[in-house]
Each structure stands twice: as C-alpha cells, then as structure tokens.
Amino acid sequence: MSCTHDHNCEDHECSSDWSLYKHIDLSKVTALNEAVSGSAKSVFKAWEQRLHSSGEHLESNEGDAELLVFVPFTSDVKIKSISIVGGPEGTSPSKLRVFINREGIDFSDVESMQAVQEWELAENLQGILEYQTRYSKFQSVGNITLHFPESFGGDTTQIRYIGFKGEATQLKRDVVATIVYEIRPNPSDHKTKAETGGGFSQVE
C-alpha cells in the first residue's frame, strides 16, 4: 500500500513533522555491497531535501544489484511508512524486504530469514510514493535492515533517498539499557543499620 500525496499533506501523516530522520543514528548506518564505502549515509536526509542531491548516492557494485542497509535509531521508533527514491535507467530498486531489531545480518542470513514485510517497489524518481507498513509489526523498532535484492534491470542499484515516517519514544536506547541495569539490586546499596552503624536502615 502506498501514499501518492493526492491530498494536503499538512493535514495528514506524510508531512515533515512525522519524519524520523532526526532519530537515525547516522554515524552507525552501514551497507553491504556498496560501491563507495560510507555512501549509505548520504541517502538519509530531511524530507524536504529528498530530491536535492550533490551527486552523492548509494550504489551497489557493478554487476551485482543487491544491497543490504542497516539503520539504527537513537530511540525506539514506530514506523508508519517508508519512502525510497531510486536512480534512473532501471537502477531503482524493484523490491524491498525489511527486518527489525536484527544486528549483524548479511546476505546469507536474509536469504533464510522471514522478512517482517516485503514490497514490490515502483520507480519513484519524484519522491511522491510512500509504502505503508503493517503498523502493528513496526512498534519499538531499535534498528531496521533494508534488503534490496534487485533493480529494474540495471547493472547496479542506485538509491538517492530513504525516509521513514512515524513516531519516536522519548526514551533513548542507551537510557533504556541503563535503567535495566540499575533495577538489578546491588547488595551494597541495601545495608542494614547494624552493618552501617548509622541511625537508619536503607532496606526497602
């Protein structure tokens, strides 16, 4: 299911206010089979900038159109839709498979894994299409892996923009880890009056 923006976007969830761009941990974005190392980071930008390009884009190695992009977030997010702007002349990705909260997976892994959701993509050169997620399956997303198995017949796959729309929690992921650690009881924090020699007990 896709949104073609035949309405006033400011009144819908496709406005820039819903963009999750600022919640992407950009320094940790990686891609497998990218022709230029680190180029995957260039395709994540503000919604208003999705068609602006200084020539930077993500492209697979020549003769191998498959790409695997790992995207971590700085806080848990709920993803409502995904937008992909590909390259011209058959280099746009034709399919997308998505995996959630799975780190360190490679091409051999994704072949045997069940994707959370899959889409047949269109050549979205003008950035007007968004692919709706099965929202109930895209809750509490700490990271997402995007598998692009093939292009529309080009020798490579090119991607100019990847965008996510949805909501972010206020709790950062490193804070979650800290809270989990802190709720484990530490015996030294619970000494009794007799042990401490003080005039009160710290036992809760």
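- Under an unreviewed UniProt entry, the name given to the protein is PITH domain-containing protein, and the source organism is Capsella rubella.
- Turning to the protein, the UniProt record has this under Sequence similarities (unreviewed entry): "Belongs to the PITHD1 family."

Focus on the pattern of salt bridges
- Tallied over the full model, the rule gives five salt bridges.
- Its salt-bridge partner being Asp-25, residue Lys-28 comes within 3.7 Å of it at the nearest N-O pair.
- The class for Asp-25 is buried, based on a relative accessible area of 17%.

Details of the pairing of strand E8 (residues 141–148)
- The element E8 is largely enclosed, with a buried count of eight among its eight residues.
- Looking at chain direction, strand E4 (residues 67–86) and E8 are connected through seven bridges and run antiparallel. Looking at the pairing, Phe-70 lines up with Thr-145 of E8.
- Sheet topology places strand E5 (residues 95–100) next to E8; four bridges connect them, and they run antiparallel.

Details of the nonpolar core
- Counting 31 residues, the largest nonpolar core has Ile-79, Ile-144, Phe-148 and Phe-164 as its most contacted members.
- For this core, the secondary structure elements donating two or more residues are E4, E5, E8 and strand E9 (158–172).
- Among the elements that take part in this core, E4 stands out by supplying eight residues, more than any other.
- When neighbours within four sequence positions are excluded, Phe-164 is seen to be in contact with Trp-18, Ser-19, Leu-20, Ile-24, Phe-44, Val-71, Phe-73, Ile-79, Ser-81, Ile-82, Ile-144 and Leu-146.
- Within the second largest apolar cluster, six residues are counted, among which are Leu-68, Ile-105, Val-110 and Met-113.

Description of the environment of Ile-100
- You can see Ile-100 is positioned in strand E5.
- Remark: the alpha-carbon pair of Ile-100 and Ser-140, spanning 40 residues in sequence, is separated by 9.3 Å.
- Setting aside anything within four residues of it in sequence, one finds Ile-100 in contact with Val-116, Lys-137, Phe-138, Val-141 and Asn-143.

Topic: the pairing of E4
- Along E4, 18 of the 20 residues are buried, which leaves the element largely enclosed by surrounding structure.
- Of the strand pairs in this sheet, strand E2 (residues 30–32) and E4 are connected by three bridges, and their pairing is antiparallel. In the sheet register, Thr-30 faces E4, and the bridge partner there is Phe-70.
- Across two bridges, the pairing between E4 and strand E7 (residues 130–132) is antiparallel. Within E7, the residue paired with Ile-82 across the bridge is Tyr-131.

Concerning the environment of Lys-165
- Topologically, Lys-165 is positioned in strand E9.
- Note on Lys-165: relative accessible area 4%, which makes it buried.
- Taking the C-alpha atoms as reference points, Lys-165 and Thr-133, 32 residues apart in sequence, are found 9.9 Å from one another.
- Polar side-chain contacts of Lys-165 include one of 3.2 Å to the side chain of Glu-130.

Each value, and the rule that gives it
Residues numbered from 1 in each chain as written. Predicted model: local features only at pLDDT ≥ 70, side-chain atom pairs only at ≥ 80, totals over all residues. Heavy atoms only, no water. UniProt positions renumbered as here; feature names shortened; annotations may be inferred. Salt bridge = Lys/Arg side-chain N within 4 Å of Asp/Glu carboxyl O. Buried < 20%, exposed > 50% of the residue type's maximum accessible area, 1.4 Å probe, protein only. Helix = DSSP H or I, 4+ residues; strand = E, 2+ residues; numbered from the N terminus. Pairing = 2+ DSSP bridges. Core = buried A, V, L, I, M, F, W, Y, C linked by side-chain atoms within 4.5 Å. Contact = heavy atoms within 4.5 Å. Polar contact = N/O pair within 3.5 Å; in protein donor to acceptor, adjacent residues only side chain to side chain.

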